[in-house]
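Tertiary structure, described
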Amino acid sequence: MDVGFGMLNFPADTLDKGTRRRKVHKATRREEEVDCTTVTPSLTASLSSPPSGSAWALCQQAQITADFKLLKSGARLGTSARLSNIATITSTHGRHCLASTTRKFTLTAGPIPNTDPSNDRVMSTLDNAIGAINIVTELVPFELAKGVLSTVSGILILVKTTISNQNDFLELAEQCHKITLLIWRATTGVPESDISPAIRRALSELNKSVNGIRQGVDERIRKRLTSKVFHVTVNQDMIAGWQKDLDRFLALFNTELNIAANLKLDELVSLFEELRANVQFKAETLISDVLPVRPPIFMGRDALVRETVEFLLEARHVALIGPGGMGKTSIAQAVINEDSMSAKFSDRRYFVRYDDVDASQITHATFLDRIARSLGISCSKANTRNLILNELSSSKDLLLVLDNAETFLDAAVDSSLITNSIDEFGARPNVQLMLTTRTSGLPPNLAWERLRVPALDESAACAAFKAIYLRPIEPSILSQLLSALDFHPLSINLLAQAAVQNEWSLEELVLAWDRQKALLLENGDGKFHSIATTIEMSLNSPSLQKLGGVIRDLLQLIAFLPQGLNEARLTDTFPSITKIEHLANTLCKHSLAYRKSGFITMLAPIRLYISSQHNTTSYPAIPLLDHLQAFYDAQLEDSSDEETFIREEDVNVEHVIALRIAHCDAKAVEYACIQGRLFLVSLMQHKPRATALYPVIKEVKCDEVQTNSVLCFPISHRRTKANLVAKVSCLLVLSVLQIEVGQFAEAQEVLNATHKLSVICGSKRYTRLAECAIAEAYASVGNYIVAESMYESAMKRQTHSFFKTEEDRQIDACIYRGLGVVRMLRGKPGASEFFVRGLPLLQRLGDTKGVRQMKCVAGYAELLAGNNDKARESFESAMENYEEDDDYQLHVTVLMSMVEVAHRQGNTKDAKEFRDRLGGVFQRADINSPYAISGRAILAAHTALEGNIAQAREEIYSLVESATKSINTNVVNSFYLAGCIELLDNNFVKAAEMFQQTIDFCKTFSEYYFCARAERALGEIAVLDKDFASANARFTEAKALCDFMGVPTNCLYYDHACYTLSDRFEGWTLFQEGRLTAS
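Since we're looking at a predicted model, the values are computed, not measured.

The number of helices and strands found in the chain is 49 helices and 8 strands. With 1079 residues in all, the chain has 54% of them scored as buried. For the chain, long-range pairs separated by at least 24 residues make up 75% of all intrachain contacts whose partners lie at least 6 apart in sequence.

See below:
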């Protein structure tokens, strides 16, 4: 008997609910008699030829005919060519097969067939519905519709194979059948882009309903299976609720879509029969799928292809693992078309796609059906699994490629059955498996060669782009553009396609990328045309869904952080989140994140998608950010691990600080700025570099919202002032950092803004502090006139001694020290008096560090005055009771000064001793820190003065290289001293090169002191070359710089002796005396 679509006119229901329930109870009792056994489902499966859990479903499904015809007068159904891949099942042989199986093995995990006529009717209805769904699924072009139908099919198969009260599902099965035909009417033959919003909305609602039904059925089955009861009864009220949901969908189709949802089922069937009558598709004529060709645009993967081929030729199984869009499918297609693969496997190479199946909907039957279809196997006469195993059991070598394997490896149901089948297939000695997958979780019983698919290298990425975008393009701009994509293959392809389709020039493409990054990575639907689709496929993985919302929260936080999350600090950062390491591992397992230098981060396209779709610029909108901020705050306030923390996570911390400051209200400004200041101090101490915080801090609003309440005004005023003070403090530290890294122009802007803010907030203390900072900034680059003026202005604002606080006295001491240093360098008398006035203040405050600094500069004043003994006494006093944990920079400064004193006294023994001590200090600290580089450069110059030019040259050029890796003002010092060392060796060409580079860097940093010295040195070299015009020009420039700085020419070398040029260079003196002539 051919049970086809002609039986869709169902007879009237002659059973009332009571009768139906009694019959169900009888069936249940018979089933329980069979189930009361110690045989488990897995053991049963091993006894019977077909898999026990699905034998009844597979064989009952075999009743559905595969013959159907194309509707001649229907709307846009497409051509018969679209039906060439439809694999349906014909004849009633499956039922006979099941009958023979049941006679042979009486222990089965599925419900035993029932001879009750009403049960036959239910089974016939289920079979017809499932058959119709399978056919329509192949016809509809809309992925959402396919997913809905696949879920519905899974529900009905579970009803057939596991549910006891099948009769209660009769009406629901009829609804599913009717819905299937309605979806066919609404979507078949219509391009996906033309599907109306109303249909999309209706299908979206239906998807929610059927997923809810599927979850309800799965939950009932899980509860029963845990107690080894293999037959499940579903409550009738629950079924009635599901029917109500489906009725709502039918009504939605009727009212919104003008599709005759109230059309009688037999009328819909007759329409479907017309389709069936026009196309004769015989399952027996199935042939294997055509192999995909090698991708036409395929760059940078030759090594990976060769490695994969070698493993397969050695009879190993291979898994290509990587994020979506990385080109795994393309690599597999290239591999399967290699000549060596053709020679070994001939026509037994099969490529099975799973990219159009959702992991939440795939079943063991679907998994097997795809493989069977690819192998050209008809499933109408025997169990699919057995037929596949029979095909694989040949002695001929066979290569089976399973594309998008994460779909079935992470299946919501039947995952163990699927894994077992893969193990069975791979266990055949003649079979080699190749998987492309995003997940690293592979079937455990096979040995896999796991090959991680990386991003393209730069040259291959550029070549791939230019293979599509044929216009001329500047290589450096293209490299910069593609590096922003992390050289992700799919993103590169989509970007190039967007440029071609919009006929953009390179400039227009760059502008479009800056404006709408995420939109440019969309070019339609499907994983090959959309970054969003390929990422959402991973996000919808059942194993990720089981972890709940926290997994997406973690992904959003990783996307927000430029460096990603520090893996070693996960538990400390998120103490309240259990199994946080497991969550991070799961993201890496599914290739949504990866490990890099101790951090869990993600590729740029994934970061871009998550940020644009899920992360907003709104401050609280990023989940888990509060946990991270609390951890960062604690780290900044705890100095025990501060250096390591800042060196590792400075970029992340800056990003979080910037977001906090940018989005804080007036009540949070003070705390946000304090945390910003703590970060800047730590950065300056441990990893000085430029930051992007100034624009953010600048825009902070410190004033409270205006209120009419008189009571609130004092509170508002105090908070506004506290906010201003915190902002000024943060900006002051930022300016100091900017000066240290050579951003003098930026520091000037910050300091000017800081000075204005300090005046506005009415804080004399912070105004003086700002003026001290401005003075220090100008002094650091040699502009001593402005520096002296600012120090004097700050001194005039001194508070009366009766009202002075400790902070006021600290500022006073700072002013005395700074003013004394500036006057000393300008050659003015009385500089030492300021040091004498400042020292008691610091001693009274108990500021040991400040006292040592004051003694150090006082000693330097004595040194410049030629009082070497007094200078040494001051330096030694500064080092009294010094401990290793005390100030590193001060220690270096004092020891360098002691070396200078020893040299001036001609005491080479002491000079060597102090140099050796300095070497130990440098080794214990970071030898490549800016301050260490500066000190080591001075030592190298002293070594040259002692006559060891070769050693000095080797040391100074290693320091020049280190200094240029992180450009700051110290690079000026290194280049200048390198020029001085070359002058000592009479290598004037190299010396001139070093001095010219010094000048170039000085102009970059607005540094005048070293610029004047380098101009003078180049003038001396020009004199030696008899180029007096150039010499005069150089000396004139040096003199102008001295005048600008306010430094007399005879004070240009108030510094270490190694900076001073040899007395044999007389050009500078002759120029000042007006005696520099050609003679």
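Position of Asn 723 relative to the elements: it lies in helix H33 (residues 712-740). Filtering out sequence-adjacent residues up to four positions away, Asn 723 remains in contact with Ala 666, Val 669, Glu 670 and Cys 702.

Moving on, we get to the nonpolar core. With 208 residues, the main nonpolar core has Leu 557, Tyr 976 and Phe 995 as its most contacted residues. In terms of residue count, H33 provides more of this core than any other element does, 11 residues in total. Apart from the residues within four sequence positions on either side, Leu 557 is in contact with Leu 565, Phe 574, Ile 622, Pro 623, Leu 624, Leu 625 and Leu 628.

Turning our eyes to something else, we now look at the pairing of strand E1 (residues 317-321). When you tally the buried positions in E1, you get 5 out of 5 residues, the bulk of the element. Where burial is concerned, the two faces of E1 agree: the one with His 317, Ala 319 and Ile 321 and the one with Val 318 and Leu 320 are both buried. One ladder, built from 5 bridges, connects E1 with strand E5 (residues 448-452); its direction is parallel. Residue pairing for E5: His 317 is matched across the bridge by Trp 448. In this structure, E1 lies alongside strand E4 (residues 431-437), joined through 4 bridges in parallel fashion. By the bridge assignment for E4, Val 318 is matched with Met 434.

Here we take up the packing of aromatic side chains. All chains considered together, the criterion is met by 19 aromatic pairs. When the ring of Phe 1035 is compared with that of Trp 1068, the centres are 5.7 Å apart and the planes differ by 55 degrees; the resulting orientation is tilted. Placement of the pair is Phe 1035 in helix H48 (residues 1028-1045) and Trp 1068 in helix H49 (residues 1067-1072), with a sequence separation of 33 residues. Considered together, Phe 1035 and Trp 1068 belong to a single accessibility category, that of buried residues. Between Trp 1068 and Phe 1071 the ring centres are 6.1 Å apart and the planes differ by 15 degrees, which places this aromatic pair in the stacked class.

The two faces of the sheet receive side chains in turn, since in a regular strand these alternate between them. Of all 7 residues in E4, 7 are buried; the element is thus mostly enclosed. Burial of the side chains of E4 extends over both faces: Val 431, Leu 433, Leu 435 and Thr 437 are buried on one face and Gln 432, Met 434 and Thr 436 on the other. Pairing of strand E3 (residues 398-403) with E4 involves 5 bridges; the strand directions are parallel. Within E4, the residue paired with Leu 400 across the bridge is Leu 433.

Once that is clear, we can look at the sheet that holds E4. If you walk across this open sheet you meet the 5 strands as E2-E3-E4-E1-E5, and the pairing is parallel. The open sheet terminates on both sides in strands that have one partner only, identified here as strand E2 (349-353) and E5. Taken over all neighbouring pairs, the strand axes of this sheet differ in orientation by 15 degrees on average, direction set aside. Across the sheet, helix H11 (residues 302-313) touches E1, E3, E4 and E5, and the angle it forms with E5 is around 175 degrees.

Turning to helix H21 (residues 506-515), its buried residues are Leu 506, Leu 509, Ala 512 and Trp 513. The arc that holds the buried residues of H21, viewed along the axis, is 125 degrees, so those residues lie on one side. Opposite the buried face of H21, by more than 90 degrees, sit the exposed residues Glu 507, Asp 514 and Arg 515.

Axis separation between helix H30 (residues 642-662) and helix H31 (residues 669-686) bottoms out at 10 Å; the angle between their running directions is 145 degrees. For H30 against H31, the interelement crossing comes out left-handed. The segment H30 lies against H31, with Glu 642, Glu 643, Ile 646, Arg 647, Asp 650, Val 653, Glu 654, Ile 657, Arg 660 and Ile 661 engaging Tyr 671, Ala 672, Gln 675, Gly 676, Phe 679, Ser 682, Leu 683, Gln 685 and His 686. Of the residues assigned to the contact of H30 with H31, the class counts are 8 nonpolar, 5 polar and 6 charged.

With that out of the way, let us pick up the environment of Ile 815. Assignment of secondary structure puts Ile 815 in helix H37 (residues 806-825). For the pair Ile 815 and Glu 792, spaced 23 residues apart in the sequence, the C-alpha separation amounts to 8.1 Å.

Take unusual backbone geometry next. Positive phi outside glycine occurs at Asn 404, with the angle close to 60 degrees. Position of Asn 404 among the secondary structure elements: in the loop between E3 and helix H16 (406-409). Its identity is not glycine, yet Ser 591 carries a phi of approximately 60 degrees, on the positive side. Take Ser 591: it is sitting in the loop between helix H27 (580-589) and strand E7 (594-596). A residue is classified by how much of its surface remains accessible, and Ser 591, at 3% relative accessible area, is buried.

What follows is about the sheet that holds E7. Two pairing modes exist for strands in a sheet, parallel and antiparallel, and in both the strands are linked by backbone hydrogen bonds. Spatially, 3 strands are ordered E6-E8-E7 in an open sheet, and the strand pairing comes out antiparallel. Each end of this open sheet is capped by a strand with a single partner; those strands are strand E6 (565-566) and E7. Examined bridge by bridge, E7 and strand E8 (residues 599-601) share 3 bridges and lie antiparallel to one another. Bridged to Lys 596 within E8 is Phe 599.

Relative to the helices and strands, Glu 771 is located in helix H35 (residues 764-780). Here His 755 takes part through its side chain, which lies 3.0 Å from a polar atom of the side chain of Glu 771. For Glu 771, the contacting residues outside a window of four places in its chain are His 755, Met 790, Ser 793, Ala 794 and Arg 797.

Moving on, we come to the confidence of the model for the chain. In regions of low pLDDT, the predicted coordinates are not meant to be interpreted in detail. Mean pLDDT over the chain works out to 77, with 78% of the residues at or above the 70 mark. Of the regions scoring below 50 in pLDDT, residues 1-115 engages in 236 contacts with residues more than four places distant in sequence or in other chains. pLDDT under 50 marks residues 705-715. Its contacts with residues more than four places away, or in other chains, come to 1 contact.

This part takes up the environment of Lys 764. Tracing the sequence through the fold places Lys 764 in helix H35. Here the alpha-carbon distance between Lys 764 and Gln 798, two residues 34 residues apart in the chain, equals 8.5 Å.

Criteria and thresholds
Residues numbered from 1 in each chain as written. Predicted model: local features only at pLDDT ≥ 70, side-chain atom pairs only at ≥ 80, totals over all residues. Heavy atoms only, no water. Helix = DSSP H or I, 4+ residues; strand = E, 2+ residues; numbered from the N terminus. Buried < 20%, exposed > 50% of the residue type's maximum accessible area, 1.4 Å probe, protein only. Contact = heavy atoms within 4.5 Å. Core = buried A, V, L, I, M, F, W, Y, C linked by side-chain atoms within 4.5 Å. Pairing = 2+ DSSP bridges. Phe/Tyr/Trp six-rings, centres within 6.5 Å; stacked < 30°, edge-to-face > 60°. Axes fitted to C-alpha atoms, helices over the stretch in contact; angles between N-to-C directions. Arc of directions from axis to C-beta. Left-handed = near helix turned anticlockwise from the far one by under 90°. Nonpolar A, V, L, I, M, F, W, Y, C, P; charged D, E, K, R; others polar. Polar contact = N/O pair within 3.5 Å; in protein donor to acceptor, adjacent residues only side chain to side chain. pLDDT = per-residue confidence, 0-100.

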